[in-house]
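As a plain string of letters, each chain reads:
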Amino acid sequence: MKPAPFHYEAPRTVAAALALLGADAKILAGGQSLVPIMNFRLARPATLVDVNRVDELAYLRKRDGVLHIGAMARHATLERSEMVARGWPLLRQAVRHVAHHQIRTRGTVGGSCAHGDPTAELPVALAALDARFHLRSRAGERSLGAAEFFVSHLTTALRDDELLVEIEVPPLPAAARTAFAEHARTHGDWAIAGAAVVVAPGHAAIALLGAAPTPLRASEAEAVLAAGGDAAEAARLAGALADGEWRTALTTALVRRALAEAGA
Amino acid sequence: MKLTNEFEVAVPIERTWETLLDVPRVARALPGATIEPEGEGGAWRGTMKVRLGPVTTEYAGTARIQDADEDDRVASYRVEGRELRGQGSAAATITTRLAGADGATRVVVETDMQVTGRQAQLGRGLMEQLAGAILDDFAARLEQELRGVAAPADAGGGALDVGAAVRGPLIERAALVGVGVLAGLALGRLVWRR
């Protein structure tokens, strides 16, 4: 199917993009989710603001140990970056599960976050990494943690006049190990459940995929693990956050697998 | 295929770093390359001609900065291209590492390259020589660019004549392979016409 008619704008700067945003406008990043939705006529924005030509948003930078991901950095760029693999291996582990190579070539980190699909891999990994989301509008700028940024199914804290410009990821604790595990019916399909884990001496982060309408941190399980508790117990506590018997069983098994891989 | 080049410029590390993050300036140092002045979403479109004796290959594609580690002064670039006339492709991840000392900068350029198509049939040894020659030239031109000297305009329609750069024991083999490739192409074409 073809999308409903829309007005198309392709600004080259963040400032020009912000000037175009409003209630009837939708931002087009990599288009790997929005375009299919528009083709099915589920979304019918009056104006499409294509930010693919905005140079200033496509970067991966490390400064003072902190990773700065420009919202238009592609999945494939993140996947290939040795800098990211060295400092934040969880991001490479997670991005490899995102759909297929072709989609990762176009899809963007910012687009994936702004779309807010609870089964998307990167938002879950970013939640486990305590990432901060920088939002900008004509009125100013604000920054949110994953818990505030992701609101519900396909819903984020982004207002109609706001653009996600950067995602900031702090350095991992010393001697941290990370892992990502998920279950999908076939490779590249949407995941049904999954887990991103970070384990270091005195530190544990477990973020769940598919257990809630947003990425979900299993704080009780984290506390158990950070205190030197049993990985099986932590996995059980994390799994209990998912609804339904089979989803709990699946989530528990995936957390268990990820923790084992991270050496917990 | 991995290759490493090294050079030193009498330019402070800060200025070298800034220059290296300017894609059009870096791309200008690529021999036989042309680049569109304006980028699009962090990617710059351009073309690059490589000539090996009678065989000229022109690639069209994009160049972008993959990541920039400001703490360690390591930047990597991703360059991807397809043959304008042909089925082949070439892609490379180029990583530059900077180390400063006494107002000078040591630049280590590591290139990880994949080539497919007709060019790949030249064989690994020759390909490495070819890529090595391109990179040597690139490093020399980049050095000039960093020193503030504009890169010299190309002779011969902008294509780097790699044949001239890899003279020596290789030239015979290059010629043989070149003739082989041409003969193969000619044969293929004859057969195809029928």
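The rules behind the values
Residues numbered from 1 in each chain as written. Chains lettered and ligands numbered in written order. Predicted model: local features only at pLDDT ≥ 70, side-chain atom pairs only at ≥ 80, totals over all residues. Helix = DSSP H or I, 4+ residues; strand = E, 2+ residues; numbered from the N terminus. Buried ≥ 20, exposed ≤ 12 C-beta atoms within 10 Å, placed from the backbone. Contact = placed C-beta atoms within 7 Å. Pairing = 2+ DSSP bridges. Axes fitted to C-alpha atoms, helices over the stretch in contact; angles between N-to-C directions. Parallel < 35°, antiparallel > 145°, perpendicular 65-115°, else oblique. Nonpolar A, V, L, I, M, F, W, Y, C, P; charged D, E, K, R; others polar. Domains from an automatic or database assignment.

### Observations concerning the overall build of chain B
If you tally the helices and strands in chain B, you get five helices and eight strands. Going residue by residue from the N terminus, the α and β elements of chain B occur as β-α-α-β-β-β-β-β-β-α-β-α-α. The buried share of chain B, reckoned over its 194 residues, is 31%. Of the contacts formed within chain B by residues at least 6 apart in sequence, a portion of 59% connects residues at least 24 apart.

### A closer look at the sheet that holds strand 3 (residues 47–50) of chain A
By definition, the strands of a sheet pair up through backbone hydrogen bonds, in either a parallel or an antiparallel sense. All names here are of chain A. Judged by pairing direction, the sheet is parallel, and its three strands sit side by side in the order 1-3-2 without closing on themselves. Strand pairing shows two members of the sheet lacking a second neighbour, strand 1 (7–9) and strand 2 (25–28), which therefore form its edges. Neighbour-to-neighbour, the strand axes of the sheet open up by a mean angle of 25°, direction not taken into account.

### Looking at the packing of helix 10 (residues 219–226) of chain A against helix 11 (residues 231–239) of chain A
Helix-helix packing is characterised by the crossing angle of the two axes and by the distance between the axes. All names here are of chain A. Packing of helix 10 against helix 11 brings their axes to within 8 Å, and their N-to-C directions diverge by 170°. When the axes of helix 10 and helix 11 are compared, the pair comes out roughly antiparallel. Taken together, the residues of helix 11 that come into contact with helix 10 (itself represented by E220, A221, V224 and L225) are A231, E233, A234, L237 and A238. Tallied by class, the residues present in the contact of helix 10 with helix 11 amount to seven nonpolar, no polar and two charged.

### Side note on the domain arrangement of chain A
Assigned domains of chain A: these are domain 1 (7–50), domain 2 (57–169) and domain 3 (178–261). Distance between the C-alpha centres of domain 1 of chain A and domain 3 of chain A: 34 Å.

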